[in-house]
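Coordinate analysis (summary)
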Amino acid sequence: LRQESMDRAEERLFSMCEERARMLQEQFGVTVNHVHALAILISTFHYEKLPSAIDQETFAKYTGRTSFERPLLNGVAYAQRVFHHEREMFESQQGWIMNTMQRELAPPQLEYAPVIFSQDTVSYLARIDMMSGEEDRENILRARTTGKAVLTNPFRLLGSNHLGVVLTFAVYRPDLPADASVEQRVEATIGYLGGAFDVESLVENLLSKLAGNQDIVVNVYDVTNASEAMVLYGPPSLDEQVPLLHVSMLDFGDPFRRHEMRCRYREKP
Ligand code: WA2
């Protein structure tokens, strides 16, 4: 009899965990696809049309109206690629000077990625050189060589200080051939479109709506480096010590990274 109820508990944990993992993966997927389409929109309407058909006001309006398509992002922004020799011209045309993430004047670099368009919910990104942040910089470099969606390590986001990951797509000149080499990709890069998955609050909100939520504890980890799993969501836990633990695979669309969900029963008081 004990064995039977143990089996049922295991089965229930399995199905609750899989349900949550598939739902989270689905929401990640639709969000990534929509950001991809926004990157193409910028390439088309900001660079293919002269003069540009997008300015900050248009970008803010359009991204605000379509935010329902990106349920797990706290907002999106567009950072333009600016080389050092273009900086003075760029800053005088914009009428502002770029800052670092630490809110300092950006020191000289070979190139920069200042945010020129932002959704209202992340207006604090405006004028920041995204290459001045370690995680964002790594994303930018990897996005433009791969041409794919890339995700950062889990880290504390600007603005909210919530735990999350940043998603980045490179924006290319519209003439980039489909079979471009890495060098061609880097050369044709004109900017970066992305945003932050606010996992701490938006995943909490997603899971809180599901039946049985009170009974289990859910964690999401970045396990890209198997020996050093990083918590992306949920309480720090003493895994392995629980009698029942289910691990569900997650695919967030960046082949360089591995994520998983681990579920266990909450200790009964
Ligand atoms: N977006 C929101 N919050 C953040 C953040 C970010 N990056 N970085 C740290 N906190 C404009 O890759 C281009 C968005 C980065 C895109």
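Structure's up top.
Cut-offs applied
Residues numbered from 1 in each chain as written. Predicted model: local features only at pLDDT ≥ 70, side-chain atom pairs only at ≥ 80, totals over all residues. Heavy atoms only, no water. Pairing = 2+ DSSP bridges. Helix = DSSP H or I, 4+ residues; strand = E, 2+ residues; numbered from the N terminus. Axes fitted to C-alpha atoms, helices over the stretch in contact; angles between N-to-C directions. Contact = heavy atoms within 4.5 Å. Salt bridge = Lys/Arg side-chain N within 4 Å of Asp/Glu carboxyl O. Buried < 20%, exposed > 50% of the residue type's maximum accessible area, 1.4 Å probe, protein only. Disulfide = S-S within 2.5 Å. Core = buried A, V, L, I, M, F, W, Y, C linked by side-chain atoms within 4.5 Å. Near = heavy atom within 4 Å. Polar contact = N/O pair within 3.5 Å; in protein donor to acceptor, adjacent residues only side chain to side chain. Areas by Shrake-Rupley, 256 points an atom, 1.4 Å probe, with all protein chains shown as cover. Nonpolar A, V, L, I, M, F, W, Y, C, P; charged D, E, K, R; others polar. Arc of directions from axis to C-beta. Patch = residues over 30% accessible without salt bridge, like charges linked within 9 Å, V, L, I, M, F, W, Y side chains within 5 Å. Lys, Arg positive; Asp, Glu negative; His and termini not counted. Charge placed at Lys NZ, Arg CZ, Asp CG, Glu CD.

Here's the deal with the sheet that holds strand β12 (residues 259–265)
Strand order in the open sheet formed by four strands is β10-β9-β12-β11, with antiparallel pairing between adjacent strands. For this open sheet the edge positions go to β10 (230–233) and β11 (245–250), each flanked by a neighbour on one side alone. Within the sheet, the average angular offset between the axes of one strand and its neighbour, ignoring direction, is 35°. Bridge count for β11 against β12 is six bridges, and the pairing is antiparallel. In the sheet register, Met249 faces β12, and the bridge partner there is Glu260. The sheet strands contacting helix α1 (residues 2–48) are β9 (216–222), β11 and β12, and the helix crosses β11 at an angle near 25°. Packing against the sheet, helix α6 (residues 199–207) makes contact with β9 and β10, and its axis sits at approximately 55° to β10.

A look at the pattern of salt bridges
Tallying each qualifying case throughout the model produces twelve salt bridges. For Arg144, the salt bridge goes to Glu111, with nearest N and O atoms at 3.0 Å. Separated by 33 residues along the polypeptide, Arg144 in helix α4 (residues 134–146) and Glu111 in strand β3 (residues 111–112) bring together distant segments of the chain. Look at Glu111 and you get buried, because its relative accessible area is 14%. The salt bridge involving Arg262 is made with Glu260; its shortest N-O contact spans 2.8 Å. Each of Arg81, Glu111 and Arg144 takes part in salt bridges that share partners, so that together they form one network.

Re the state of the cysteines
What the rule picks out here adds up to one disulfide. A disulfide bridge connects Cys17 with Cys263, and the sulfur atoms are separated by 2.1 Å. Its S-S torsion of about 75° marks the bond between Cys17 and Cys263 as right-handed, since a negative value means left-handed. Linking Cys17 in helix α1 with Cys263 in strand β12, this pair joins segments that are 246 residues apart in sequence. A relative accessible area of 0% places Cys17 in the buried class.

Describing the pairing of β9
Where burial is concerned, most of β9 is hidden: seven out of the seven residues are buried. Sheet topology note: the β9/β12 ladder contains seven bridges and is antiparallel. Note on β12: the bridge partner recorded for Val220 is Met261. Here β9 runs beside β10; their pairing, made up of three bridges, is antiparallel. Following the sheet pairing, Tyr221 is matched in β10 by Val231.

Brief notes about the nonpolar core
Counting 50 residues, the largest nonpolar core has Leu24, Tyr78, Leu193, Phe197 and Met261 as its most contacted members. Counting residues per element, this core draws most heavily on α1, at eleven residues. Residues within four places of Met261 in sequence aside, it is in contact with Cys17, Arg20, Ala21, Leu24, Val218, Asn219, Val220, His246, Val247, Ser248 and Leu250. Core analysis: the second largest hydrophobic core is formed by twelve residues, Ala79, Ile128, Met131 and Tyr192 among them.

With respect to the site of the ligand
Lining the immediate environment of the ligand, one finds Ala77, Leu125, Met130, Asp136, Phe155, Leu157, Leu158, Val166, Thr168, Tyr192, Gly194 and Ala196. In the model, a nitrogen atom of the ligand is placed 3.0 Å from a nitrogen or oxygen of the Leu158 main chain. Relative to its unbound accessible surface of 410 Å², the ligand loses 100% to contact with the protein. The dominant element in the shell around the ligand, judged by the number of residues it contributes, is strand β8 (residues 189–197), at three residues. Residues belonging to the shell around the ligand are distributed by class as follows: nine nonpolar, two polar and one charged.

Examining helix α3 (residues 87–94)
A turn of α-helix holds 3.6 residues, and therefore any two residues three or four places apart point the same way. Three or more residues of α3 are buried, namely Arg87, Phe90 and Glu91. Along the axis of α3, the buried residues cluster in a sector spanning 95°; they form a single face. Every exposed residue of α3 that faces more than 90 degrees away from the buried side is listed here: Glu88, Met89, Ser92 and Gln93. Packing partners of the buried residues in α3 comprise β1 (73–80), β2 (82–83), β3 and β4 (115–118).

With respect to a negative patch on the surface
The grouping of Glu4, Asp7, Glu10 and Glu11 at the surface amounts to a negative patch. The topology assignment puts Glu11 in helix α1.

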